[in-house]
Amino acid sequence: MTEVKLAVLGGSGAGKSALAVRFLTRRFIGEYASNAECIYTKHLCLDGRQIHLEIYDPCSQPQQGKLSLADELHWADGFIIVYDISDRASFAFAKALLYRIRESHIGACKKMVESSVFLVGNKQDLCHMREVGWDEGQKLAMDNKCQFCELSAAEHYQEVVSMFMKVLRNITSNFKVKEKRRPSGSKSMAKLINNVFGKRRKSV
């Protein structure tokens, strides 16, 4: 069984929790506790391959101040960066997240395939309140060499599933051309992950 670790990141209110839960359970829940973080786990079959998926959903990150993704960058095989198309501040925060991820790859001294990254403009159902154009999201994705889509976690279940499946396929394709960078037998790494991400786990 292939293990895949995916981090869903974004500013407060962007809908990252709603997106993850929509994919995992089909349900849409509009309100979430912003001070809770957890890892959702799910077993699924992707193109005939059994996948053990872990999705890290952090508590809402502050949209101001120094941005540190050290733990997430080391832990995750891929990232979904979420912003709200009706909130320009969340788009600016998504841009900062992408910059931080790209910076970590440029700063690495070893050759490695970059993490799979997908930029998502959420809340397309609020297009009448739009503050961020589709073309702006597309350009940001192109500048950071990642994929992009707009959707609504509230209304577009199939598009949410399609987006997650694209990310998972990219990640598993990367596994074929690189060695996994987190040795499974590392006690120190297991302790780090437990301390940082082990607060709440949910199987769905």
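Here goes a summary of the coordinates provided. What you are looking at is a predicted structure, and each value in this text was computed from that prediction instead of being measured. (Residues numbered from 1 in each chain as written. Predicted model: local features only at pLDDT ≥ 70, side-chain atom pairs only at ≥ 80, totals over all residues. Heavy atoms only, no water.)

**Observations concerning the pairing of strand E2 (residues 38-46)**
Line of reasoning, step 1. Across 9 bridges, E2 lies against strand E3 (residues 49-57) in antiparallel orientation. Bridging across to E3, cysteine 38 finds its partner in aspartate 57.
Line of reasoning, step 2. Taking the residues between adjacent antiparallel strands as the criterion, E2 and E3 are bridged by 2 residues, where aspartate 47 takes a positive phi near 55°. (Pairing = 2+ DSSP bridges. Helix = DSSP H or I, 4+ residues; strand = E, 2+ residues; numbered from the N terminus.)

**Remarks on the pattern of salt bridges**
Line of reasoning, step 1. Applying the stated criterion across every chain yields a total of 7 salt bridges.
Line of reasoning, step 2. Residue arginine 169 is joined to aspartate 47 by a salt bridge in which the shortest nitrogen-to-oxygen separation is 2.9 Å. Highlighted residues: arginine 169 in helix H5 (residues 157-175) and aspartate 47 in the loop between E2 and E3, separated in sequence by 122 residues.
Line of reasoning, step 3. Arginine 169 gets classed as partly exposed once you look at its relative accessible area, which sits at 36%.
Line of reasoning, step 4. Linking glutamate 103 and arginine 100 is a salt bridge whose minimum nitrogen-to-oxygen distance equals 3.7 Å. (Salt bridge = Lys/Arg side-chain N within 4 Å of Asp/Glu carboxyl O. Buried < 20%, exposed > 50% of the residue type's maximum accessible area, 1.4 Å probe, protein only.)

**With respect to the nonpolar core**
Line of reasoning, step 1. Grouped together as the largest cluster of nonpolar side chains are 34 residues, with contacts concentrated most on Leu19, Phe23, Leu53, Ile55, Ile80, Met163 and Phe164.
Line of reasoning, step 2. Elements with a minimum of two residues in this core: strand E1 (2-10), helix H1 (16-25), E2, E3, strand E4 (78-84), strand E5 (116-122) and H5.
Line of reasoning, step 3. Sorting elements by how many residues they give to this core places H5 first, with 10 residues.
Line of reasoning, step 4. Non-local contacts of isoleucine 80, meaning those with residues more than four positions away in its chain, are made with Leu6, Ala7, Val8, Leu9, Leu19, Phe118, Val120, Met163, Phe164 and Val167.
Line of reasoning, step 5. The next biggest cluster of nonpolar side chains, apart from the first, holds 25 residues, and it includes Leu69, Phe91, Phe93 and Val132. (Core = buried A, V, L, I, M, F, W, Y, C linked by side-chain atoms within 4.5 Å. Contact = heavy atoms within 4.5 Å.)

**Some words on H1**
Since there are 3.6 residues in each turn of an α-helix, residues three or four apart along the chain are aligned in direction.
Line of reasoning, step 1. Of all 10 residues making up H1, 9 are buried, and the element is well covered by its neighbours.
Line of reasoning, step 2. For H1, the set of buried residues is Lys16, Ser17, Ala18, Leu19, Ala20, Val21, Arg22, Phe23 and Leu24.
Line of reasoning, step 3. Considering only its buried residues, H1 is in contact with E1, E2, E3, E4, E5 and H5.

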